[in-house]
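Inside the fold
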Amino acid sequence: MTANSHTQTATPEQIETHDLTVRCRGVEKSFGEGQTKVKVLRGTDFDVRAGEMSFLVGPSGCGKTTLISIVGGILSSDAGDVEVLGKNLGRMRNRKLADYRLSNFGFIFQQFNLLPALSAAENASIPLVARGESTRKAEHAAIELLEKLGLEGHNHKTPSQLSGGQQQRVAIARALVHEPKLLICDEPTASLDAASGRTVMELLRDIALDSHRSVIVVTHDNRIFDFADRIAHMADGVISKVENTCNETGDETDKE
Amino acid sequence: MITTALRMLLGDRTKLIGLIFGVAFSTLLICQQVSIFFGLLDRASSVVDDVREANVWVMDPSVKTIDAPFPLRDTELGRVRGVQGVDWAVPFFKAQVQVRTRGGNLENAVILGVDDASLVGVPDAFVLGSIEDLAQPDAIAINPAGFRLLFPGQELDLGRKLELNDRRAKIVAIVDASPAFAANLTIFTRYSLATQYTNNGRNQLSFIIAKSTDGLDAKEVAQNIADQTGLKAITSDQFRIESIMYILANTGIPVSFGTVVVLGAIIGVAIVGLTFNQFIMENLKQYAALKAIGIRNSRLLCMTIAQATFVGVIGYGLGLGAAAAFFSNTSRNVDALRGFYLLPEVAVGVAIAAAVIVFVSTLLSMRRVLVVDPATVFRG
């Protein structure tokens, strides 16, 4: 599908708290010590509403990756509150956080990070297997999802036997197989050509997005901005602007 | 996740083969060296083991091993026989002698002279001939490995003539004696003949072997003999251990074999460590991704332990199989390696060594997995 949108700006305060999947307030994060200390996030506020596809965009080094790492429970913040699905991640211990990620989050990475020796079905079934499902059941669920993603007949192929677009679809299957409530995508189209990139985004909108699941996409690729419900622009460690777009088929895209 | 871990390993055939080779090589080398070492120690006491009828050995107090006897006076035999608790006592001669065949082949041999009347001390394992044949003039019995050494490529047979210190000897029996430490050729003959063959002077009584009266403790009888004669008298078991300890304390054998074993372990650690580390490094990004997805460190640790265990078990199995095949073949076909076996105790010990090698080798790699930052997956 091709998503069309028009845009309007919004502030975090305008969003009802109970609608939020992600609610970040005053998040700060620094790396290094002493004179080499670099403040990457400077009191960042960032919200993601339930059932929406939010894009996080901005120049390299502005703190996008750090912010989604914190939202994804992979990094901890130095200050501020990070609430995801109603839980304050800062108060969770590492083991609990890992379990929380496994149950509620799905991740799609720029480099796919599929296990090279495993088949597409085995790769896609990993989160279910990790949650204790039997290998057979997990692979069955993974195969169903791979078929939805257009990978019929590719279940037994290893990543090296698949194209970049197909590998990213396997990664999408891996991110969705356990039905997470939040999907975090880091540059999902960066390693793909334009056509494959749009196909991947269409699949994300069609299959990943629903009223119970939110999707965060970090990207530089302005060719896919029309898939976003909201676009948060980041600069120098803070969200500088949020565009609310209304993706409705048939409307003309209106960009700033 | 164990299956996933094993699939990861099986998918990288080159490294899998390298890892298995490392463990198998170490296992084979350690098994082989340790087994030969124990085999050699066993040879150090083989003469004592073969004299099954006696349970007490009497010797000069200075003697420390079966291979270095100091002659006793012939009169000592009567004194030992007179000790209470001694059922019987007979002379036992042991020396080294040079043997020449009619074809000019010259070999060093261990010659054992047993009591002329009773012939006690000859193993009851005759391949050809019988113990009674040793009563014939110039009669000797030799072991099969010795026969093949003297007459290479020829079938075992009787009646061949040898020269022992310029005296004639005739092979009347082939007896399957345990391999000796000092030489591959062992000769059994009567005591009176043995002393003539070596011609070492007046006192030639190497040992007196005795049997304690039934119902009496051999240790007590040995102590009685020592107390009453001033000679050294110990049980067969004690003499076996003393002979082995002498080898351990006075030869370079333990150091030599120990060095090879340590080198084998180091090579194993190096091969397995480097290969496993490379495997982990190549998959580190994937491990980071698994961490990011929400798989706990303990789970990842189990995965790497499963991979290490798989490599260890397969490598150990192959190495052990190769060692067993080596000894199965050589113990039958190579006389110099007869009596060297892969002992179950060695197999168990090497299994522990292999486990340590795999554990030490993979420790560094496991640490890498545990400390890898899952956020690296977002860094392109």
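Residues numbered from 1 in each chain as written. Chains lettered and ligands numbered in written order. Predicted model: local features only at pLDDT ≥ 70, side-chain atom pairs only at ≥ 80, totals over all residues.

On to the overall build of chain A, then. Along the backbone of chain A there are seven helices and eleven strands. Every one of the 256 residues in chain A was classed for burial, and the buried ones make up 50%. Here the contacts in chain A between residues at least 6 apart in sequence split such that 73% fall between residues at least 24 apart. (Helix = DSSP H or I, 4+ residues; strand = E, 2+ residues; numbered from the N terminus. Buried ≥ 20, exposed ≤ 12 C-beta atoms within 10 Å, placed from the backbone. Contact = placed C-beta atoms within 7 Å.)

Counting its secondary structure elements, chain B contains twelve helices and ten strands. Against the globule reference of 21 Å for 380 residues, chain B gives a C-alpha radius of gyration of 29 Å, more extended than a compact globule. Counting only C-alpha atoms, chain B reaches 95 × 50 × 30 Å along its principal axes. For chain B, contacts bridging at least 24 residues in sequence account for 83% of all contacts bridging at least 6. (Rg over C-alpha atoms; globule rule 2.2 N^0.38 Å.)

Residues and elements named next belong to chain B. Counted residue by residue, strand β8 (residues 185-190) has six buried out of six residues, so it is predominantly covered. Of the strand pairs in this sheet, strand β3 (residues 106-114) and β8 are connected by six bridges, and their pairing is parallel. Paired with V114 across the strands is R190, a residue of β8. Summarising the sheet, strand β5 (residues 139-142) and β8 pair through three bridges and their orientation is antiparallel. When the bridges of β8 are listed, A141 appears paired with F188. (Pairing = 2+ DSSP bridges.)

So, on to the pairing of strand β9 (residues 207-212) of chain B. Residues and elements named next belong to chain B. The buried fraction of β9 is high, at five of six residues. Where strand β1 (residues 56-59) meets β9, three bridges bridge the pair, whose relative direction is antiparallel. Within the sheet, the bridge partner assigned to W57 lies in β9 and is I209. Note: strand β2 (residues 86-101) against β9, six bridges, orientation antiparallel. Pairing of W88 across the sheet is with K211, part of β9.

This next bit is on the nonpolar core. Formed by 122 residues in total, the largest nonpolar core has its most connected members in V71(A), L146(A), A173(A), I216(A) and V23(B). For this core, the element with the most residues is helix α2 (residues 13-44) of chain B, which contributes ten residues. Apart from residues no more than four positions distant in its own chain, V23(B) is found in contact with G268(B), V272(B), V311(B), G312(B), G315(B), Y316(B), G319(B), A354(B), I357(B) and V358(B). The next biggest cluster of nonpolar side chains, apart from the first, holds 66 residues, and it includes V47(B), V99(B), A109(B) and L149(B). (Core = buried A, V, L, I, M, F, W, Y, C linked by C-beta atoms within 7 Å.)

All names here are of chain A. Strand order in the open sheet formed by four strands is β3-β2-β5-β6, with antiparallel pairing between adjacent strands. Single-partner strands in this sheet number two, and they are β3 (38-49) and β6 (87-88). Across five bridges, the pairing between strand β2 (residues 20-31) and strand β5 (residues 79-84) is antiparallel. Its bridge partner being in β5, V22 is matched across the sheet by V84.

It is worth spelling out the domain arrangement of chain B at this point. Residues and elements named next belong to chain B. You can read the domains of chain B as domain 1 (2-44 + 252-378) and domain 2 (73-230). Each of domain 1 and domain 2 was reduced to a C-alpha centroid, and the two centroids are 47 Å apart. In this complex, domain 1 contributes seven residues to the contact, which on the side of domain 2 involves eight residues. Tallied by class, residues from the side of domain 1 that touches domain 2 come to three nonpolar, one polar and three charged. (Domains from an automatic or database assignment. Nonpolar A, V, L, I, M, F, W, Y, C, P; charged D, E, K, R; others polar.)

Counting residues at the interface gives 23 residues for chain B, matched by 27 residues for chain A. Elements with a minimum of two residues in the side of chain B that touches chain A: α1 (2-10) and α10 (284-293) of chain B. Taken together, the residues that form the side of chain B that touches chain A break down as eleven nonpolar, six polar and six charged.

This next bit is on the environment of L205(B). All names here are of chain B. For L205, the position within the fold is in the loop between α6 (191-198) and β9. With 22 C-beta atoms counted inside 10 Å, the residue L205 sits in the buried group. Remark: the alpha-carbon pair of L205 and I171, spanning 34 residues in sequence, is separated by 24 Å. In this structure, L205 is in contact with P71, L72, D74, E76, L77 and P91, ignoring residues within four places of it in sequence.

What follows covers the packing of α2(B) against helix α12 (residues 344-371) of chain B. Relative orientation and spacing of two packed helices are given, respectively, by the angle between their axes and the distance between those axes. Residues and elements named next belong to chain B. In the contact formed by α2 and α12, the axes pass within 10 Å of each other and the chain directions differ by 145°. Taken as a pair, α2 and α12 cross one another with a handedness that is right-handed. Mapping the contact onto sequence places V23, S26, T27, I30, C31, V34, S35 and F38 in α2 and V346, G349, V350, A353, A354, I357 and V358 in α12. Taken together, the residues that form the contact of α2 with α12 break down as eleven nonpolar, four polar and no charged. (Axes fitted to C-alpha atoms, helices over the stretch in contact; angles between N-to-C directions. Left-handed = near helix turned anticlockwise from the far one by under 90°.)

Residue and element names in this part refer to chain B. Orientation of α2 relative to helix α11 (residues 297-333), taken along the N-to-C sense of each, is 40°, at an axis distance of 7 Å. As the angle between them shows, α2 and α11 are arranged oblique. Of the two elements, α2 crosses α11, and the hand of that crossing is right-handed. Contacts between α2 and α11 involve L19, I20, G22, V23, A24, F25, S26, T27, L28, C31, Q32 and S35 from the first element and V311, G312, I314, G315, Y316, L318, G319, L320, A322, A323, F326 and F327 from the second. Of the residues that constitute the contact of α2 with α11, the class distribution is 16 nonpolar, eight polar and no charged. (Parallel < 35°, antiparallel > 145°, perpendicular 65-115°, else oblique.)

The next thing to look at is the environment of A288(B). All names here are of chain B. By secondary structure assignment, the location of A288 is in helix α10. A C-alpha to C-alpha distance of 9.9 Å links A288 and L300, two positions twelve residues apart in sequence. Setting aside anything within four residues of it in sequence, one finds A288 in contact with V372, D373, P374, T376 and V377.

It is worth spelling out helix α6 (residues 164-176) of chain A at this point. Residue and element names in this part refer to chain A. For α6, built from 13 residues, the straight-helix expectation of 18 Å at 1.5 Å per residue is met to within 8% by its first-to-last C-alpha distance of 18 Å. In terms of residue burial, α6 counts as a mostly covered element, since eleven of its 13 residues are buried. Taken together, the buried positions of α6 are occupied by Q166, Q167, Q168, R169, V170, A171, I172, A173, R174, A175 and L176. (Expected span 1.5 Å × (residues − 1).)

Take unusual backbone geometry next. You will see that E179(A), though not glycine, has its phi angle at about 50°, which is positive. Summarising the element assignment, E179(A) is placed in the loop between α6 and β8 (182-186). One non-glycine residue, D138(B), lies in positive phi territory at about 60°. Counting through the fold element by element, D138(B) comes out in the loop between β4 (126-128) and β5.

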